[in-house]
Amino acid sequence: MSPLDQSPNMLPPVRQLPPFRLFRPTTPAEAVGILGSEETPPICYAGGTDLCLSVHEGRSVSSLLSLNTLDGLRGAEARNGTLAIGALATLDELSTHDQVTAIPGLAEALGAIANVRIRFRATIGGNVMARRTAYEVPILLAALDARLVFESSVGRRELRAADIWTAGDLGRSLLTEIEIPLTEGLALDYDRTLRPWMTQAAATGGIERVAVGTRFLRPALLSGDPGESAESRFSGLPGEFNDVLLTRGYVTGTGAALLKRQRARLAKG
Amino acid sequence: MSDTVSISCSVNGEPVAAEVPTSTTLADFIREACGLTGTKIACGHAVCGACTVHLDGVPVASCSAYAFEADGSEIRTVEGLEDADGELDPVQAAFADLSAFQCGYCTSGMIMLTRALLDRDPNPSGETIRKWLNSNICRCTGYELIVEAVARAAEAANAGPMR
């Protein structure tokens with residue numbers, strides 16, 4: 001055994017995991033049943049792009065629920081005034097999907113996340129359910145006022161995308177769908193020029209919604225009258241949106257500057 | 001519930017059946033169960049792309065995909081690119097002609113990524129090539145020769161003029 005193997009700081013990669021219990025349901029109902037009945041709910045596995053990272057970070061895997069064998073939960077369709085996106089739709093699929101391109105700016109934003117190889121595998125639902133502040137889909141969905149639809153053994157539950165951070169344990173729930181309200185004039189601008197430190201999504205359509213994401217802070221959502229000044233919009237940034245790497249003052253000034261550019265791009269169409 | 005899983009799949013056109021531990025990665029399945037060591041493992045968490053193979057035509061980082069996902073699927077590795085007569089795929093030939101490698105450890109992943117690109121877009125623009133190659137990491141070459149090799153492979157496959 002090498003000294004590195006003995007170091008407590010060296011966590012095993014995903015390829016050195018011991019065997020785990022594997023569930024491969026074929027229907028969402030079967031998956032929900034497993035999540036509800038197992039003593040410890042298995043980890044949901046779709047694209048797998050986040051699991052390997054979390055294993056590196058020390059997560060143990062005793063059982064896995066593969067969602068790749070499920071029928072459905074893919075694609076996107078306009079339905080009852082919303083764009084309904086299946087949780088297992090990949091970022092690549094969505095970045096060229098007809099229904100997604102109907103919301104200006106959304107397909108481009110999804111097509112800019114990570115890289116081609118990752119986007120082929122990574123699912124929109126996985127990006128949300130990883131609940132990592134550095135991931136970008138929750139920022140986009142917060143700006144779009146999206147709803148997350150969960151199924152569990154106790155029934156259906158809806159959650160605002162912006163509330164995913166405070167929703168508690170969702171380990172027994174299956175995210176099945178993401179619904180984006182198709183309000184008149186809906187359009188999105190996503191600025192990731194300052195990534196990884198800060199990204200910002202701005203959506204029009206009725207009220208203006210601005211979601212600010214950073215590497216370590218839970219995204220902030222600022223909304224109001226589109227006629228309000230950018231500086232005024234950012235004066236509403238919560239006091240706790242502050243850390244040693246990204247102060248509230250920096251975000252307030254920079255966010256307002258970015259928002260002015262975003263408004264100009266959105267107005268240009 | 002068993003800690004192993006049965007896999008029946010096609011690897012480079014050949015049927016393969018195996019029983020492996022559930023936690024076996026696709027990379028280990030390919031390298032150890034199938035004996036195809038052209039697929040390399042480097043970062044181990046889907047970042048570098050050295051382990052890229054095609055799973056049902058989609059380029060995936062096999063170090064962080066599980067072997068059970070290949071059940072009922074088609075796997076294609078770098079060993080499966082040359083034709084039955086041993087003639088190199090245009091992508092392999094372009095990489096070799098231009099020496100678009102130095103240590104070579106990333107090369108099979110680069111070739112598989114490029115093959116996936118050309119399968120979707122036989123005439124990629126320079127920008128598209130760069131966007132795709134952004135998925136994989138080479139720490140030796142500086143990428144210029146790799147970008148050139150992809151363009152040459154596309155040209156050879158299409159027998160068109162150099163762009």
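Each value, and the rule that gives it
Residues numbered from 1 in each chain as written. Chains lettered and ligands numbered in written order. Predicted model: local features only at pLDDT ≥ 70, side-chain atom pairs only at ≥ 80, totals over all residues. Heavy atoms only, no water. Helix = DSSP H or I, 4+ residues; strand = E, 2+ residues; numbered from the N terminus. Buried < 20%, exposed > 50% of the residue type's maximum accessible area, 1.4 Å probe, protein only. Salt bridge = Lys/Arg side-chain N within 4 Å of Asp/Glu carboxyl O. Domains from an automatic or database assignment. Contact = heavy atoms within 4.5 Å. Buried area = accessible area lost by both parts, 1.4 Å probe. Polar contact = N/O pair within 3.5 Å; in protein donor to acceptor, adjacent residues only side chain to side chain. Nonpolar A, V, L, I, M, F, W, Y, C, P; charged D, E, K, R; others polar. Pairing = 2+ DSSP bridges. Axes fitted to C-alpha atoms, helices over the stretch in contact; angles between N-to-C directions. Parallel < 35°, antiparallel > 145°, perpendicular 65-115°, else oblique. Left-handed = near helix turned anticlockwise from the far one by under 90°. Core = buried A, V, L, I, M, F, W, Y, C linked by side-chain atoms within 4.5 Å.

**Looking at the environment of Phe101(B)**
Residues and elements named next belong to chain B.
Phase 1 of the analysis: The topology assignment puts Phe-101 in the loop between helix H2 (90-98) and helix H3 (107-120).
Phase 2 of the analysis: The exposure class of Phe-101 is partly exposed, given its relative accessible area of 35%.
Phase 3 of the analysis: Along the sequence, Phe-101 and Ile-146 sit 45 residues apart, while their C-alpha atoms lie 7.4 Å from each other.

**Considering the pattern of salt bridges**
Phase 1 of the analysis: Under the definition given, this model contains 26 salt bridges over all chains.
Phase 2 of the analysis: Linking Arg24(A) and Asp71(B) is a salt bridge whose minimum nitrogen-to-oxygen distance equals 3.8 Å. Of this pair, Arg24(A) sits in the loop between strand E1 (21-23) and helix H2 (28-37) while Asp71(B) sits in the loop between strand E4 (58-61) and strand E5 (74-76), each in a different chain.
Phase 3 of the analysis: Residue class for Arg24(A) comes out partly exposed when judged on its relative accessible area of 31%.
Phase 4 of the analysis: Measuring nitrogen to oxygen at the nearest pair gives 3.1 Å for the salt bridge that ties Arg115(B) to Asp119(B). Highlighted residues: Arg115(B) and Asp119(B), both in helix H3, separated by four residues, approximately one helical turn.
Phase 5 of the analysis: Owing to a relative accessible area of 10%, Arg115(B) belongs among the buried residues under this scheme.
Phase 6 of the analysis: On the basis of relative accessible area, Asp119(B) is assigned to the partly exposed category, the value being 44%.

**Here we look at the domain arrangement of chain B**
A common way to report how large an interface is uses the accessible area buried once the components associate.
Residues and elements named next belong to chain B.
Phase 1 of the analysis: Examined at the domain level, chain B breaks down into domain 1 (4-80) and domain 2 (90-159).
Phase 2 of the analysis: Taken over C-alpha atoms, the centre of domain 1 sits 21 Å from the centre of domain 2.
Phase 3 of the analysis: In this assembly, 17 residues from domain 1 lie in contact with 16 residues from domain 2.
Phase 4 of the analysis: On the domain 1 side of the interface with domain 2, the three residues burying the most area are Thr-52, His-54 and Val-78, jointly 35% of the side's total.
Phase 5 of the analysis: Between the two partners, domain 1 and domain 2, sit one salt bridge.
Phase 6 of the analysis: A salt bridge links Arg-76 to Asp-119; the nearest nitrogen and oxygen atoms lie 3.8 Å apart.
Phase 7 of the analysis: Remark: the boundary between domain 1 and domain 2 carries seven residue pairs in polar contact (both at pLDDT 80 or more).
Phase 8 of the analysis: At the level of secondary structure, the elements contributing two or more residues to the side of domain 1 that touches domain 2 comprise strand E3 (52-55) and E4.
Phase 9 of the analysis: For the side of domain 1 that touches domain 2, the class distribution of residues is eight nonpolar, seven polar and two charged.

**Comments concerning the sheet that holds strand E12 (residues 220-224) of chain A**
Residue and element names in this part refer to chain A.
Phase 1 of the analysis: The sheet built from four strands is open, its strands ordered E9-E10-E11-E12 with antiparallel pairing. Each having just a single partner strand, strand E9 (187-191) and E12 make up the two edges of the open sheet. Shown here is a sheet whose adjacent strand axes are inclined to one another by a mean of 15°, direction ignored.
Phase 2 of the analysis: The sheet contact formed by E9 and strand E10 (residues 198-204) spans five bridges and is antiparallel. Following the sheet pairing, Ala-187 is matched in E10 by Thr-204.

**Quick notes on the packing of H3(B) against helix H5 (residues 144-158) of chain B**
Residues and elements named next belong to chain B.
Phase 1 of the analysis: Two numbers describe how H3 lies on H5: the axes approach to 11 Å, and their chain directions differ by 40°. In terms of their interaxial angle, H3 and H5 are classed as oblique. In the packing of H3 onto H5, the handedness of the crossing is right-handed. Here H3 contributes Met-110, Thr-114, Leu-117 and Leu-118 to the contact with H5, which in turn contributes Ile-146, Val-150, Ala-153 and Ala-154.
Phase 2 of the analysis: Along the lines of polarity and charge, the residues of the contact of H3 with H5 split into seven nonpolar, one polar and no charged.

**Looking at the packing of H2(B) against H3(B)**
Residues and elements named next belong to chain B.
Phase 1 of the analysis: In contact at an axis separation of 9 Å, H2 and H3 are set at 135° when each is read in the N-to-C sense. As far as their axial angle goes, H3 and H2 are oblique. Between H2 and H3 the crossing geometry is right-handed. Counted together, Pro-90, Val-91, Gln-92 and Phe-95 of H2 and Thr-107, Met-110, Ile-111, Thr-114, Arg-115 and Leu-118 of H3 form the full contact between these two elements.
Phase 2 of the analysis: Across the contact of H2 with H3, the residue classes tally to six nonpolar, three polar and one charged.

**A short note on the nonpolar core**
Residue and element names in this part refer to chain A.
Phase 1 of the analysis: If you look at the biggest cluster of nonpolar residues, it comprises 50 residues, and the most contacted ones within it are Leu-148 and Ile-180.
Phase 2 of the analysis: Ranked by residues supplied to this core, first place goes to helix H9 (residues 137-143) with six residues.
Phase 3 of the analysis: Sequence-distant contacts of Leu-148, defined by excluding residues within four places in its chain, comprise Val-128, Leu-141, Arg-157, Glu-158, Leu-159, Ala-161, Ile-164, Leu-175, Glu-177 and Ile-178.

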